[in-house]
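What follows is each chain in one-letter form.
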Amino acid sequence: MRDQILHHLTHTQGRGPEFATVFDWRLAVSYTVRDLMVGPWVGAIRAARDQGAKRVYYLSMEFLIGRILGDAIVNLELEPAMGRALTLLGLDEQVILDDEPDAALGNGGLGRLAACFMESLSSLNCPAFGYGIRYEHGLFRQRFEGGQQVETPEDWLNQPHPWEFVRINYSYTIGFKGHVETVDGRAVWQPGESVIARAHDTPVIGWQGHWANSLRLWGALPTTLLDLKRFNAGDHTAAAEPEALARTLSRVLYPDDTTESGKELRLKQEYFLTSAALQDIMARFLAEHGDLEMLPEKVAIQLNDTHPAIAGPELIRLLMDDHGLPFDRAQDLARRTLNYTNHTLLPEALERWSTWLMGRVLPRHMQIIQMIDEDHRVTSGRPAQVGIVQGDQVHMGELAFIMASRVNGVSALHTELVKDTVFADLHKLHPDRIVNQTNGVTPRRWLRMANPGLTTLLDETIGTGWTKDLDQLSGLEAHAGDGAFLDRLHAAKRANKVALSDGLLAGLGVRADPDAIFDVQVKRMHEYKRQLLNVLEAIALWHRIHESPNANWTPRVKIFGGKAAPGYWLAKSVIHLINDVAATINNDPVTRDLLQIAYPPNYNVSMAEDLIPAADLSEQISTAGKEASGTGNMKFTMNGALTIGTLDGANVEIREHVGPENFFLFGLTADEAAIEKARPGHARAAIEASEDMKIALQLIAEGRFGRAESCYALLDRTWNDDPFLVASDFDAYFTAQRAVDRAYADRADWDRMAALNIARSGFFSSDRTIRGYMRDIWHAEPVTPA
Ligand SMILES: CCc1ccc([C@H](C)CC(=O)N[C@@H]2O[C@H](CO)[C@@H](O)[C@H](O)[C@H]2O)cc1
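Thresholds, definitions, all that
Residues numbered from 1 in each chain as written. Predicted model: local features only at pLDDT ≥ 70, side-chain atom pairs only at ≥ 80, totals over all residues. Heavy atoms only, no water. UniProt positions renumbered as here; feature names shortened; annotations may be inferred. Helix = DSSP H or I, 4+ residues; strand = E, 2+ residues; numbered from the N terminus. Buried < 20%, exposed > 50% of the residue type's maximum accessible area, 1.4 Å probe, protein only. Contact = heavy atoms within 4.5 Å. Polar contact = N/O pair within 3.5 Å; in protein donor to acceptor, adjacent residues only side chain to side chain. Phe/Tyr/Trp six-rings, centres within 6.5 Å; stacked < 30°, edge-to-face > 60°. Lys NZ or Arg CZ within 6 Å of the ring centre and 35° of its normal. Salt bridge = Lys/Arg side-chain N within 4 Å of Asp/Glu carboxyl O. Domains from an automatic or database assignment. Buried area = accessible area lost by both parts, 1.4 Å probe. Nonpolar A, V, L, I, M, F, W, Y, C, P; charged D, E, K, R; others polar. Near = heavy atom within 4 Å. Areas by Shrake-Rupley, 256 points an atom, 1.4 Å probe, with all protein chains shown as cover. Pairing = 2+ DSSP bridges. Core = buried A, V, L, I, M, F, W, Y, C linked by side-chain atoms within 4.5 Å. Axes fitted to C-alpha atoms, helices over the stretch in contact; angles between N-to-C directions. Parallel < 35°, antiparallel > 145°, perpendicular 65-115°, else oblique. Left-handed = near helix turned anticlockwise from the far one by under 90°.

1. Side note on the UniProt feature "modified residue: N6-(pyridoxal phosphate)lysine" (unreviewed entry) in the chain
- Residues annotated in UniProt with the feature "modified residue: N6-(pyridoxal phosphate)lysine" (unreviewed entry) correspond here to K635.
- Here K635 shows up in helix α24 (residues 632-638).
- For K635, a relative accessible area of 6% gives the class buried.
- Beyond its immediate chain neighbours, meaning those up to four positions away, K635 contacts R112, V441, W446 and I612.

So, in structure tokens, the structure goes:
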């Protein structure tokens, strides 16, 4: 291993060890590890082709990958050899790993789920491709100025990226705009502008390196390079315009994770990804199988939310306009090939494009959408209010549903809500189309890699089989009463807390006592996720401590992490409030040893890998009925944190699996919340009824945490609207937090509950989820390499 690294340092990096930077060493190590991935990768591609296997294609506008080197070292089981080789070279492994930028090609849950799914598909030897966009700039960097979020462009590609292979032979022309002509009865689309989509492949290695699938990311290139005439005429910028225009398509990720932008560029990005993917899928299929009627047997496509929903019309266009199939044949083949996952019920997140914009950017697709809509109206006998084109809006959810053979929600509760709300009418018309596939997360990255201390204890207690088969964690049940085991579990958690505490002190100047409760809420900032409820509880607790400073308080460190979409000012005012409250409370001589608040900026995948293993308490406090599933909740549970949460999303299933006695439940259920929300004046009534909440709001209004005026809008909305029922759930939440205090004070009992949470988290592996998709949706089988 050492020699291989030195080989790449010299021959790939062109550096002598004495001149090498951390970057050079990291590249040398990365190429050394990459060499070990290429074999299983080429083998997998060959095996799938030779065995005529059915392939899965995962289309997603987001892949929140994070760093790759550490994950590859774990999946190829290169530890401890890599550690020894780096020591021999006088290098610190963590320094090398931390030098890699995150591939932040996603916003949050949806993007990270896609990354976990790719790793599980490889770990299960399921032939698959992930298709996405190679954004030059991923999710923005977050920093705080005066406690307020400031965004700066993320720039992961400002240095060579060792994990991608440019595939110039996989380039496709993507058309936009223009008009549609009819030539001998067939529609011919004459695009007004076009770009090239070029493939960049990254191998995704599975557990134990038996198999690797491809993540194929499309980068945009101009069809015409430089306009030489203009250049020679001295109009240099104009000459470069074609290039600039084209690259805009894959320039930057839209940072919204709940509100559709409605922007033309976003629609063009969605079509760019989808058309390139479908052209590539068809080319591979036709090269191997020739007969289009076999398409659904050999190809299963999953649409990650509505963002690639234009895939329905695009596949029909390719089958009709390029292959001459009649509409109904084309539609039938497309529907039997496509599947759609819904990830949100929030109305503002459901994509609707104006018929004007769709007709202008994609004139042929607008025609096909109307054909699909008309055919569905006729064949389904649906009521008038159901349809894809409603007024001057194209509803992408309805399009995805109507063009899919299976539609799934991402948790049991969410799937029921999808049937009862957003797709109630379509569900009645197609009662067997909606199925549930509860989310999962990969235990390789989120346990074996992120938490080596706990991993060692697990391996020594139940063997290493859990990494491939997470249900084997149930073997811990037998040890949950064993003091020695619990002491080692406690020690592993405490070591992670000490490491985090050092980081918080160095980075933020926050003193986090490793024996305090590490109470963590990390996720995108959004009102429905109720970070506001959490900080209001902190203020009420602070006030209570002041009232009775000598009471037996359990020390607590509240840790927040999360970005707000740049245009989401209300979420930004919650960030501002949290930072202002932290500044006051952390320096309060009366309470500082009992309560500290930390909000490290720029929460991302790598920070999650440091925070989650150090957590005692996982905050999953969304308004019931709003969080489709959550996946952070699963990561915390398998790392031994206890959950305080509502009956929302996958919290429901986590509580069922770990046992209600090992879960701190509070709050209204989804049905109760719907009723409460409709109750006029529910906010004011609830606040008036809660002394603690009233005082908390009062302290903010009095300016105890800095300039009150920056919170007026927030205060006003909470008193008079409170759409996510912060007030209605406040007292229940406060009471549950006091129960947490009491439980944590009994260390052995807390550790036992933590052990049971780990032991019963096997269900939440993304391997179980992917097996569900393979069985119920894709009808795909694993392939054994030759
Ligand atoms: C068009 C703008 C936009 C972009 C992204 C999204 C995503 C669907 C938002 C998202 O990430 N949803 C989350 O998906 C996770 C994976 O299924 C779930 O666990 C979370 O509950 C859900 O909020 C909506 C709208």
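Let us keep going from here.
2. With respect to the side chain of R530
- The residue R530 is located in the loop between β19 (517-522) and α21 (531-547) in this model.
- Residue class for R530 comes out buried when judged on its relative accessible area of 0%.
- A polar contact of 3.5 Å, which involves the side chain of R530, links it to the backbone oxygen of S622.
- If we ignore the near neighbours within four places in the chain, the residues touching R530 are Q521, I621, S622, T623, T646, F666, F724, L725, V726 and D729.

3. What to know about the packing of aromatic side chains
- Going through the model one piece at a time under the given rule, you end up with 21 aromatic pairs.
- Consider the rings of F117 and Y773, whose centres lie 5.4 Å apart with planes at 70°: the pair is edge-to-face. Taken together, the residues span a long stretch of sequence, with F117 in helix α6 (residues 109-123) and Y773 in helix α32 (residues 766-778) at a distance of 656 residues.
- Since its relative accessible area comes to 0%, F117 is described here as buried.
- Take Y773: its relative accessible area is 0%, and that puts it in the buried class.
- What links up through ring pairs into an aromatic cluster is the set Y57, F129, Y131, Y172 and W218.
- K635 extends its terminal NZ or CZ atom over the ring of W446, reaching a point 4.2 Å from the ring centre.

4. Re the pattern of salt bridges
- Per the stated rule, a full pass over the model turns up 61 salt bridges.
- Of the charged contacts in the structure, one is a salt bridge between R752 and D749, with a shortest N-O distance of 2.7 Å. Of the two residues, R752 and D749 are both situated in helix α31 (residues 747-759); the distance of three residues between them amounts to about one turn of the helix.
- In this structure R752 comes out as partly exposed when scored by relative accessible area, which is 28%.

5. Observations regarding unusual backbone geometry
- The amide bond that connects E79 to the next residue, P80, takes the cis arrangement and shows omega of 0°.
- As for its position among the elements, P80 is in the loop between α3 (69-75) and α4 (81-88).
- Although it is not a glycine, K177 adopts a positive phi angle of roughly 60°.
- Since its relative accessible area comes to 16%, K177 is described here as buried.
- The backbone of D305 sits at a positive phi, close to 70°, despite the residue not being glycine.

6. As for the domain arrangement of the chain
- Each domain of the chain was delimited in the assignment, giving domain 1 (51-67 + 102-439 + 770-778) and domain 2 (443-764).
- Using C-alpha coordinates to define each centre, domain 1 is positioned 34 Å away from domain 2.
- On the side of domain 2, 41 residues touch domain 1, which itself brings 45 residues to the contact.
- By the criterion of area lost to domain 2, the three top residues of domain 1 are Q142, F144 and W207, representing 18% of everything that side buries.
- Between the two partners, domain 1 and domain 2, sit two salt bridges.
- On the surface where domain 1 and domain 2 come into contact, there are 21 residue pairs in polar contact (both at pLDDT 80 or more).
- Examining the composition of the side of domain 1 that touches domain 2, we find that seven residues originate from one element, α6, more than from any other.
- Of the residues that constitute the side of domain 1 that touches domain 2, the class distribution is 15 nonpolar, 19 polar and eleven charged.

7. Here's the deal with the site of the ligand
- Looking at the ligand, there are 21 residues lining it, with H343, N439, E627, S629 and G630 nearest.
- E627 has a polar side-chain atom sitting 2.6 Å from an oxygen atom of the ligand.
- Considering the ligand on its own, with 570 Å² of exposed area, one finds that the protein chains cover 95% of that surface.
- Among the elements that line the shell around the ligand, the one with the most residues is α6, at three residues.
- Broken down by class, the residue content of the shell around the ligand amounts to six nonpolar, nine polar and six charged.
- A domain-level breakdown of the shell around the ligand finds at least three residues from each of domain 1 (51-67 + 102-439 + 770-778) and domain 2 (443-764).

8. Some points on the side chain of Q142
- In this structure, Q142 sits in strand β5 (residues 141-145).
- Side-chain polar atoms of Q142 contact the side chain of Q149, separated by 2.9 Å.
- Setting aside residues up to four positions removed in sequence, Q142 forms contacts with Q149, V150, G562, K563, I575, Y599, P601, N602 and Y603.

9. A look at the sheet that holds strand β14 (residues 352-354)
- The sheet built from three strands is open, its strands ordered β14-β16-β15 with antiparallel pairing. Edge positions in the sheet fall to β14 and β15 (389-390), since each has one partner strand and no second.
- In this sheet, strand β16 (residues 393-395) lies alongside β15 in antiparallel orientation, the contact comprising two bridges. What sits directly across from Q390, in β16, is Q393.

10. Considering the nonpolar core
- If you look at the biggest cluster of nonpolar residues, it comprises 238 residues, and the most contacted ones within it are V33, W218, F272, M358, L536 and W778.
- Residue contributions to this core reach at least three from each of two domains, namely domain 1 (51-67 + 102-439 + 770-778) and domain 2 (443-764).

11. Considering the pairing of strand β8 (residues 179-183)
- Both β8 and strand β9 (residues 186-190) contribute to a ladder of five bridges, which runs antiparallel. When the sheet's bridge partners are listed, V183 is paired in β9 with R186.
- A loop of two residues connects β8 with β9, the two strands running antiparallel in sequence, and D184 in this loop sits at a positive phi of about 35°.

12. Structural notes on the packing of helix α28 (residues 691-701) against helix α29 (residues 712-720)
- Direction vectors running N to C along α28 and α29 enclose 155°, while the axes themselves pass 10 Å from each other. Considering their axes alone, α28 and α29 lie roughly antiparallel with respect to each other. Crossing of α28 over α29 shows left-handed handedness. In this structure, α28 contributes M693, K694, L697, I700 and A701 to the contact, and α29 contributes L715, T718 and W719.

13. Here we look at the sheet that holds strand β11 (residues 212-222)
- Across the sheet, nine strands lie side by side as β7-β10-β11-β4-β1-β12-β13-β17-β18; this open sheet has mixed pairing. Each end of this open sheet is capped by a strand with a single partner; those strands are β7 (165-176) and β18 (434-436). Sheet twist, expressed as the mean angle between neighbouring strand axes with direction ignored, is 25°.
- Relative to strand β10 (residues 193-205), β7 runs antiparallel, the two sharing nine bridges. Following the sheet pairing, R167 is matched in β10 by A199.

14. Section: the pairing of strand β22 (residues 617-620)
- Residues of β22 alternate between two faces, with L617 and E619 on one and S618 and Q620 on the opposite face, all of them buried.
- Pairing of β19 with β22 involves two bridges; the strand directions are parallel. The partner of V520 across the bridge, within β22, is S618.
- Strand direction decides the pairing type here: β22 and strand β23 (residues 642-645), joined by four bridges, are parallel. Paired with S618 across the two strands is T643, which belongs to β23.

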